[in-house]
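Reading the structure
Residue-level listing of the chains:
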Amino acid sequence: MTSKSKLAAPAFTRIGGLAAIAFAALIVLANVIMIPAGLPLTGADIGEVTAFFATERLAVGIGSALTPAAWILATLFGAGALAALWRLERERREAWSLAGLTGLVLQNVTFAGVVATRLALTSTASHDRSATTALWALHDALFTLNGTFLALALVGLSIGGRRTGLIPPWHGVLGLVAAVLQFSSATLAYWVIGNGGVLGLLGLLGWLMWVVWLVVYGVVLIRHDLETPGRVRIAV
């Protein structure tokens, strides 16, 4: 390995770490804007949905404006984690980090559908109740099922990080617990959408744990040292 390649890998890993933290910050900011404005919860009554999207178009627009950057940052984070883990995983004939990156890409695609339906709702809410009802049903389904891909990202990067020694045990456990909550919410999507309540808390708790997991993973990648061949440090 040349000195140039030794320097390139940690640099990209740090980019991935910064992207993870920025991604977490953007998705939290989007929710800070949308939720106080009255963003309806999954399974909300169509009257509440209509009132929100007819009157809070600016909040929806600002929240939507943040998401393209968030999707790019999520992909950079996954690629940075892959750069940190792939060499040692390949020696073990494993690909957990690749599975994690795939999960991040798939959640980007799915959440693009969520954002697209929100933007469409701002156009239909004030004059077409039937279209609004159909779009909101689609929104809830996509939003809840997205937990499948968040779970894949959490499982892949948590197991990959632990098996290569990149992340500490507690961080891996946090990721796996969050994955179980997200996957449970997605599996029970029909009942989550229909009833909400306690079942709706599964996804919310899993999402909060996902944000913490992201920030910690970002710190790990920033501090990660690949200059010594064959060794990965635990950075936290």
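Scroll up to find the structure.
Reference entry: report on the structure contained in this document. (Residues numbered from 1 in each chain as written. Predicted model: local features only at pLDDT ≥ 70, side-chain atom pairs only at ≥ 80, totals over all residues. Heavy atoms only, no water.)

Here we look at the packing of helix α3 (residues 57-91) against helix α6 (residues 147-163)
Short version of the rule: To define axes, lines are fitted to C-alpha atoms, for helices over the stretch in contact only, and angles between the resulting N-to-C directions are given on a 0 to 180 degree scale. What counts as a helix is a DSSP run of H or I of at least four residues, what counts as a strand is a run of E of at least two, and both are numbered from the N terminus. Roughly parallel covers angles under 35 degrees, roughly antiparallel covers those over 145, roughly perpendicular covers 65 to 115, and oblique covers all other angles. Helix crossings fall into two classes, left-handed where the near helix is turned counterclockwise from the far one by less than a right angle and right-handed where it is turned clockwise. The contact definition used throughout considers only heavy atoms, calling two residues in contact when any of these lie within 4.5 Å.
Following both chains from N to C, one finds α3 and α6 inclined at 40 degrees, their axes separated by 10 Å at the closest point. Relative to α6, the element α3 lies oblique. The interaxial crossing formed by α3 with α6 has left-handed handedness. Where α3 abuts α6, its residues Phe-77, Ala-81, Leu-85 and Glu-89 lie against Leu-157, Gly-160 and Gly-161.

So, the environment of Trp-96
Inclusion rule: Per-residue accessibility, obtained with a 1.4 Å probe over protein chains only, is compared with the maximum for each type, and a residue is labelled buried under 20%, exposed over 50%, and partly exposed between these values.
Structurally, Trp-96 can be placed in helix α4 (residues 96-124). A residue is classified by how much of its surface remains accessible, and Trp-96, at 33% relative accessible area, is partly exposed. Leave out the neighbours within four places in its chain, and Trp-96 touches Glu-89, Val-155, Gly-156, Leu-157, Ile-159, Gly-160 and Arg-163.

Examining the pattern of salt bridges
How we decide: Salt bridge, as used here: a side-chain nitrogen of Lys or Arg that lies within 4 Å of a carboxyl oxygen of Asp or Glu.
Tallied over the full model, the rule gives two salt bridges. Of the charged contacts, one joins Arg-92 and Glu-94 as a salt bridge, the two residues approaching to 3.4 Å between their closest N and O atoms. Exposure remark for Arg-92: the relative accessible area of 39% places this residue in the partly exposed category. Here Arg-163 makes a salt bridge to Glu-94, at a shortest N to O gap of 2.6 Å. Residue Arg-163 is located in helix α6, and its partner Glu-94 is located in the loop between α3 and α4; the two are separated by 69 residues in the primary sequence. With a relative accessible area of 39%, Arg-163 lands in the partly exposed category. Taken together, the shared-partner salt bridges in this structure form one network comprising Arg-92, Glu-94 and Arg-163.

Side note on unusual backbone geometry
Although it is not a glycine, Arg-93 sits at a positive phi angle of roughly 60 degrees. Within the fold, Arg-93 resides in the loop between α3 and α4.

Quick notes on the nonpolar core
Here is the rule: Nonpolar core, defined: a set of buried Ala, Val, Leu, Ile, Met, Phe, Trp, Tyr and Cys residues in which side-chain atoms within 4.5 Å join the residues together.
Judged by nonpolar contacts, the single largest core of 35 residues is most densely connected at Phe-23, Phe-77, Leu-166, Trp-210, Trp-213, Leu-214 and Tyr-217. Contributions of two or more residues to this core are made by α1 (3-37), α3, α6, α7 (169-187) and α9 (197-223). Counting twelve residues, the second largest nonpolar core, distinct from the first, contains Met-34, Leu-39, Phe-52 and Trp-136.

Some details on α6
Stated precisely, the cut-off is as follows: Under the convention used throughout, the expected extent of a helix is 1.5 Å for every residue step, that is, one less than its residue count.
In a regular helix each residue adds 1.5 Å, so 17 residues correspond to 24 Å; α6 covers 24 Å between its end C-alpha atoms and thus fits that length. For α6, the set of buried residues is Gly-147, Leu-150, Ala-151, Ala-153, Leu-154, Gly-156, Leu-157, Ser-158, Gly-160 and Gly-161. Looking at the buried side of α6, the elements it contacts are α3, α4, α5 (129-145), α7 and α9.

Here's the deal with the packing of α3 against α4
Helix-helix packing: each pair is described by the crossing angle between the helix axes and the interaxial distance. Basically, it comes down to this: Gly is placed with the polar residues, together with every amino acid not listed as nonpolar (Ala, Val, Leu, Ile, Met, Phe, Trp, Tyr, Cys and Pro) or charged (Asp, Glu, Lys and Arg).
α4 packs onto α3 with a crossing angle of 175 degrees between their chain directions and a minimal axis gap of 8 Å. The angle between α3 and α4 falls in the class roughly antiparallel. Of the residues in the contact of α3 with α4, the class split is 16 nonpolar, eight polar and three charged.

Details of the packing of aromatic side chains
Where we set the bar: When the centres of two rings from Phe, Tyr and Trp lie within 6.5 Å, Trp using its six-membered ring, the rings pair. Their planes under 30 degrees apart give stacked, over 60 give edge-to-face, and anything left gives tilted.
Applying the stated criterion across every chain yields a total of nine aromatic pairs. Considering the side-chain rings of Phe-77 and Trp-213, the 6.0 Å spacing of their centres and the 80 degrees angle between planes classify their relative orientation as edge-to-face. Residue Phe-77 is located in helix α3, and its partner Trp-213 is located in helix α9; the two are separated by 136 residues in the primary sequence. Judged by relative accessible area, which is 0%, Trp-213 ranks as buried. Ring centres of Tyr-190 and Trp-191 lie 5.4 Å apart, and the angle between their planes is 85 degrees; this geometry places the pair in the edge-to-face category. The exposure class assigned to Tyr-190 is exposed, which follows from its relative accessible area of 65%. Overall, the relative accessible area of 44% leaves Trp-191 in the partly exposed class. What links up through ring pairs into an aromatic cluster is the set Phe-23, Phe-77, Trp-210, Trp-213 and Tyr-217.

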